[in-house]
Amino acid sequence: MFNKKECVAMLLAGGQGSRLYALTQSVAKPAVPFGAKYRIIDFPLSNCVNSGIDTVGVLTQYQPFVLNEYIGNGQPWDLDRIHGGVHVLPPYQTASGADWYSGTANAIYQNISFVDRYDPEYVVILSGDHIYKMDYNKMLAYHKTKQADATIAVLDVPKEEASRFGIMITDEDDNIIDFEEKPKNPRSTLASMGIYIFTWKKLRAYLISNEEDKDASKDFGKNIIPDMRAAGEKLVAYRFDGYWKDVGTIDSLWEANMDLINPNIPIDLYDPAWKIYSRNPVLPPQSIGVNAEVQNSMITEGCIIDGSVEFSMISEGVIVEKGAVIYDSILMPGAVIKAGAKVEYAIVGENTVIGENAQIGARPETIEDKDSWGVAVVGHNITVSDGATVAPKAIIYENI
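Since we're looking at a predicted model, the values are computed, not measured. Counting restarts for each chain, with residues numbered from 1 along the sequence as it is written. Thresholds applied to this predicted model are a pLDDT of at least 70 for local features of residues and 80 or more for the giving and counting of side-chain atom pairs; totals over whole chains, interfaces and linings are not thresholded and use all residues. Side-chain measures were taken over the full set of non-hydrogen atoms in the model, leaving aside hydrogen atoms and water.

Undergrad: Would you mind going over the overall build of the protein in detail, with residue names and values included?
TA: Helix and strand definitions follow DSSP, with helices as H or I runs of at least four residues and strands as E runs of at least two, each counted in order from the N terminus. Across its full length, the protein holds eight helices and 31 strands. The globule rule is 2.2 Å times the number of residues to the power 0.38, and the radius of gyration it is compared with is taken over C-alpha atoms. Over its C-alpha trace the protein gives a radius of gyration of 22 Å, about what one expects of a compact globule, namely 21 Å for 400 residues. A principal-axis box enclosing the C-alpha atoms of the protein has dimensions of 65 × 50 × 45 Å. Note on exposure labels: buried denotes an accessible area under 20% of the residue type's maximum, exposed denotes more than 50%, and partly exposed covers the range between, all computed with a 1.4 Å probe on protein chains only. Here the protein holds 400 residues, and 56% of them are scored as buried. The contact rule is simple, with two residues in contact once any of their heavy atoms fall within 4.5 Å. Taking all contacts inside the protein whose residues are at least 6 apart in sequence as the whole, residues at least 24 apart take part in 59%.

If you want it as structure tokens, here you go:
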């Protein structure tokens with residue numbers, strides 16, 4: 001038995017992220033660069049350490065190499081502990097055979113022995129593809145006060161968006177009395193954030209029961225939560241009113257990056273009381289050249305900017321040559337934008353080269369057919385030749 005922990009976090013980071021298309025061809029979704037300096041997984045990991053949770057299991061599966069290398073021993077997040085710390089947990093072979101994780105509940109079930117090593121009272125279940133700052137300790141205190149078996153973090157969303165989420169129906173004391181998975185006609189606007197706290201003994205029993213049911217889909221939203229509710233367990237909703245965004249689509253990833261440079265959006269990366277930690281390489285300071293024009297953008301270390309950058313997110317080591325124009329876009333680490341190129345409303349992947357006078361994306365006001373407009377995406381390690389054009393909404397996987 002390891003040192004007993006009151007609470008252990010399990011971070012689900014194995015999803016393929018297929019809706020991010022070219023950006024997740026070779027990396028897991030939680031490892032996708034975000035906010036010029038970070039990767040998506042930095043946010044839940046930082047939330048854990050800021051909340052005093054020092055034992056985290058990261059469940060990986062799809063394209064785990066970049067993610068595994070990035071997490072390493074957990075030192076950047078102060079999670080390199082002798083007792084506890086961060087542990088990468090891929091699927092593995094047991095005496096009964098080997099299986100990929102077949103759902104969120106099955107992923108936790110396959111790692112029951114990991115959780116049992118720490119004999120926790122409580123387990124926090126997190127997703128690796130959300131951008132937010134949250135004190136899980138406050139949610140845990142709420143869970144204890146309510147004497148709940150399961151506490152589900154919820155966000156009040158606009159009625160027209162509610163059908164995209166799992167929706168909680170509660171009584172006046174925020175006890176969950178019903179649950180609907182992506183309902184066409186939602187009866188509530190309390191959307192599940194995919195953040196759960198369970199009393200471990202209860203969850204453990206339900207995971208085993210769920211696994212023994214061969215017809216079950218091995219998912220928290222489809223099985224575990226409804227099964228607990230049907231059995232009369234105490235389920236409560238924990239209302240969160242801060243910034244939270246699921247960045248599982250191209251549009252939401254672009255919007256969340258743009259939110260960081262919007263003074264009206266409440267997510268502060270410069271708050272010393274709640275730092276977002278990252279394994280950012282040591283690079284020289286950014287260089288802003290004599291021809292550069294930079295407005296309302298984030299420019300990370302190691303960049304060389306000699307063109308025009310407006311309302312954009314520029315990751316480390318990016319080069320923007322003289323005469324290049326970047327507008328409302330995201331440039332991921334190591335991207336090179338050659339002289340005269342225009343990148344507008346676009347995402348450019350890691351180490352990708354945009355040739356001279358190329359046009360990537362376009363401003364929406366220049367497009368007559370608004371249905372044909374959207375964020376353009378150029379994947380990682382791609383070369384776009386001089387003078388080439390990438391249309392709005394296009395997704396580029398290979399050299400052009």
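Undergrad: Could you give an account of the sheet that holds strand β17 (residues 304–305), naming the residues involved and the relevant values?
TA: Should DSSP find at least two bridges between two strands, the strands are regarded as paired. The strand order across the open sheet built from six strands is β14-β17-β20-β23-β26-β29, with neighbouring strands paired in parallel fashion. The sheet is open, and its two edges are formed by β14 (287–288) and β29 (383–384), each paired on a single side. The pairing of strand β26 (residues 353–354) with β29 spans two bridges and is parallel. If you follow Val353 over to β29, its bridge partner there is Thr383.

Undergrad: Got a sec to walk through the sheet that holds strand β16 (residues 298–299)? Specific residues and values, please.
TA: Strands sit in the order β16-β19-β22-β25-β28-β31 across an open sheet of six strands; the sheet is parallel. The sheet terminates laterally at β16 and β31 (395–396), the two strands that pair on one side only. Examined bridge by bridge, β16 and strand β19 (residues 313–314) share two bridges and lie parallel to one another. Its bridge partner lying in β19, Ile299 is registered against Ile314.

Undergrad: Lay out the pattern of salt bridges with the relevant residues and their values.
TA: In what follows, salt bridge is the name for a side-chain nitrogen of Lys or Arg lying within 4 Å of a carboxyl oxygen of Asp or Glu. In this structure the tally under the stated criterion is 20 salt bridges. Across the salt bridge formed by Asp54 and Arg81, the nearest N and O atoms sit 3.3 Å from each other. Of the two residues, Asp54 is situated in the loop between α1 (42–50) and β4 (55–59) and Arg81 in the loop between α2 (65–71) and β5 (85–89); the sequence distance between them amounts to 27 residues. For Asp54, a relative accessible area of 19% corresponds to the buried category. Between Asp78 and Arg81 there is a salt bridge whose closest N-O contact spans 3.2 Å. Among the charged side chains, a salt-bridge network with shared partners connects Lys5, Asp54, Asp78 and Arg81.

Undergrad: I'd like a description of the packing of aromatic side chains, backed by residues and values.
TA: For Phe, Tyr and Trp, where Trp contributes only its six-membered ring, two rings pair if their centres lie within 6.5 Å, and the inter-plane angle classes them as stacked under 30 degrees, edge-to-face over 60, or tilted in between. Scanning the model with the defined rule gives 14 aromatic pairs in all. Each member of the aromatic cluster is reached from another via a ring pair, and the members are Trp254, Phe311, Tyr327, Tyr345 and Trp373. The side chain of Arg39 reaches across the aromatic face of Tyr70, ending 5.4 Å from its centre. Positioned above the aromatic ring of Tyr327, the side-chain terminus of Arg363 is 3.6 Å from the ring centre. A ring is scored as having a charge over it whenever the NZ atom of a lysine or the CZ atom of an arginine sits within 6 Å of its centre and within 35 degrees of its normal.

Undergrad: Give me the nonpolar core: which residues, what numbers.
TA: Among buried residues, those of type Ala, Val, Leu, Ile, Met, Phe, Trp, Tyr and Cys that are joined through side-chain atoms within 4.5 Å constitute a nonpolar core. Ranked by internal contacts, the top residues of the largest apolar core, which has 73 residues, are Met134, Ile195 and Leu253. Residue contributions to this core peak at five residues, all from helix α8 (residues 250–259). Dropping the residues within four chain positions of it, Leu253 is found in contact with Leu20, Leu23, Val32, Phe34, Ile40, Val247, Ile330, Met332 and Ile347. Counting residues in each nonpolar core, the second largest holds 34 residues, with Met168, Ile176, Phe198 and Leu203 among its members.

Undergrad: Break down unusual backbone geometry for me, citing the residues and quoting the values.
TA: In the Ramachandran plot, Ala36 falls in the positive-phi region, its phi being about 70° despite a non-glycine side chain. Here Ala36 is to be found in the loop between β2 (33–34) and β3 (38–39). Phi is positive for Asn357, which is not a glycine, with a value near 60°.

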